[in-house]
Amino acid sequence: MNFHRTVLLQETIDGLKVVPGEKYIDATLGGGGHTEEILRRGGEVLAIDTDLDAINYVKGKISSSKLHLAHGNFRDIKNIAIKNRFEKVSGIVFDLGVSSHQIDSNERGFSYQQNGPLDMRMDSNSPIKAADLINLLNKNELSDIFYKFGEESNSRAISNAIVSARKIGTIQTTNDLVTIIARVYKIPEHRLDQMKRTRIAKKIFQALRIAVNNELDVLREALNESSSLFLPKGRLGVITFHSLEDRIVKNAFIDFEKRGLGIVVNKKPLLPNRLEMKTNKRSRSAKLRFFEKN
Ligand SMILES: C[S@@+](CC[C@H](N)C(=O)[O-])C[C@H]1O[C@@H](n2cnc3c(N)ncnc32)[C@H](O)[C@@H]1O
């Protein structure tokens, strides 16, 4: 099984305008696809991931004196960069979200299509799991998560159903949660597979994942921190997979421009070409934006 299939590879690396011998940060290493291409074009890379599985996988896959691996959260990108002598770089790339490896590992609990514990932590050392939120938050807090992060219009009914189900027993697995959502949509338990194919389950799981990993706040902070790490003409490229992330990136870039830090390179996001969308389903929601430092 593939660790991850890189999205928008050429578009991202071309947009970074990699120059041999210069330094780049890959803030989301994953399976190392973007990192590997920067190295191939002669760049030196500091690659960060909060998931030790990614760090260990790439350690075994790429051997290069130009590659520096750091286990950490990109929220701390500035400190990690300074610690590794990457405080001034020519490019930074963020390829947000989860890797295929994370989705495909049942025990990580990211997938609504497979059964596993309700975990969803990108960093297995962090203290809060999805099960903690599902079993401990009150009705309004849960409903807020589903509405704000999943844009789910039935968020109240779903949070009510979760709180009722808790009275019978703890909600422990991804199947437990899908079963509860299915009940709200009057889908019988023996047709759970039908629920697993809907956008509803997808949105609820996305919302929970965002909350567990505090993804939107972390992204805002990381973009801000990154803005001080560039050499003149350095480029920041960000790939997003849903509208909430894309809005944050778009607004951050507009704000940087207003503050005189540089220019927004593409007013409209770059999208994968038709062939990529056809051959890699996950790429269909990808959007890539670039900012260039003065
Ligand atoms: C879509 S994958 C990156 C794939 C990679 N570009 C490739 O081509 O293989 C996203 C990665 O970012 C990591 N990640 C997500 N949030 C993070 C964070 N806040 N700090 C560091 N890494 C993070 C995930 O663990 C995952 O490995």
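Residues numbered from 1 in each chain as written. Predicted model: local features only at pLDDT ≥ 70, side-chain atom pairs only at ≥ 80, totals over all residues.

## Quick look at the overall build of the chain
Counting its regular elements, the chain contains 14 helices and seven strands. Its C-alpha radius of gyration of 20 Å places the chain within 12% of the 19 Å reference for a compact globule of 294 residues. With 294 residues in all, the chain has 45% of them scored as buried. At a minimum sequence separation of 6, the contacts of the chain that also span at least 24 residues come to 64%. (Helix = DSSP H or I, 4+ residues; strand = E, 2+ residues; numbered from the N terminus. Rg over C-alpha atoms; globule rule 2.2 N^0.38 Å. Buried ≥ 20, exposed ≤ 12 C-beta atoms within 10 Å, placed from the backbone. Contact = placed C-beta atoms within 7 Å.)

## Digging into the site of the ligand
Around the ligand, the structure places 22 residues, and the nearest of them are T6, T28, G30, G31 and G33. For the shell around the ligand, the elements supplying multiple residues, two or more each, are α2 (33-40) and β2 (44-49). (Near = placed C-beta within 6 Å.)

## Remarks on the sheet that holds strand β3 (residues 67-71)
If you walk across this open sheet you meet the seven strands as β3-β2-β1-β4-β5-β7-β6, and the pairing is mixed. Edge positions in the sheet fall to β3 and β6 (262-264), since each has one partner strand and no second. Averaged over all adjacent pairs, the angle separating strand axes in this sheet is 15°, with direction ignored. Inspection of the sheet shows strand β1 (residues 23-26) paired to strand β4 (residues 89-95) by three bridges, in the parallel sense. (Pairing = 2+ DSSP bridges. Axes fitted to C-alpha atoms, helices over the stretch in contact; angles between N-to-C directions.)

## Examining the pairing of β4
Burial analysis of β4 places seven of its seven residues in the buried class, the great majority of the element. Bridge count for β4 against strand β5 (residues 230-240) is six bridges, and the pairing is parallel. Following the sheet pairing, V93 is matched in β5 by G237.

## Brief notes about the environment of E225
One can find E225 in helix α12 (residues 215-226). A count of 18 C-beta atoms within 10 Å places E225 in the partly exposed class. In this structure the C-alpha to C-alpha distance between E225 and S124, which are 101 residues apart in sequence, comes to 24 Å. Leaving out residues up to four positions away in the same chain, E225 has contacts with I77 and K78.

## Some words on the nonpolar core
Membership of the largest hydrophobic core comes to 47 residues, with the highest contact counts inside it found for I25, A27, L46, A47, I48, I77 and I239. Once you skip the residues sitting within four places of it in the chain, I48 turns out to touch A27, L29, A70, G72, F74, I77 and I80. F110, A131, F146 and A207 belong to the second largest nonpolar core, which has 29 residues in total. (Core = buried A, V, L, I, M, F, W, Y, C linked by C-beta atoms within 7 Å.)

## With respect to helix α9 (residues 174-184)
If you check which residues of α9 are buried, you get T174, L177, V178, I180, I181 and A182. Against α6 (130-136), α8 (155-168), α10 (192-196) and α11 (199-212) lie the buried residues of α9. One or two positions beyond α9, positive phi appears at K186, with a value near 55°.

## Structural notes on the domain arrangement of the chain
Taken domain by domain, the chain holds domain 1 (9-100 + 215-293) and domain 2 (127-212). Each of domain 1 and domain 2 has a C-alpha centre, and these two points are 31 Å apart. (Domains from an automatic or database assignment.)

## Description of the environment of N280
Of note, N280 is situated in the loop between α14 (274-279) and β7 (287-293). Overall, N280 belongs to the partly exposed group, with 16 C-beta atoms counted inside 10 Å. For the pair formed by N280 and V7, sequence separation is 273 residues and the distance between their alpha carbons is 8.1 Å. What N280 contacts, discounting residues up to four positions off in sequence, is R5 and V7.

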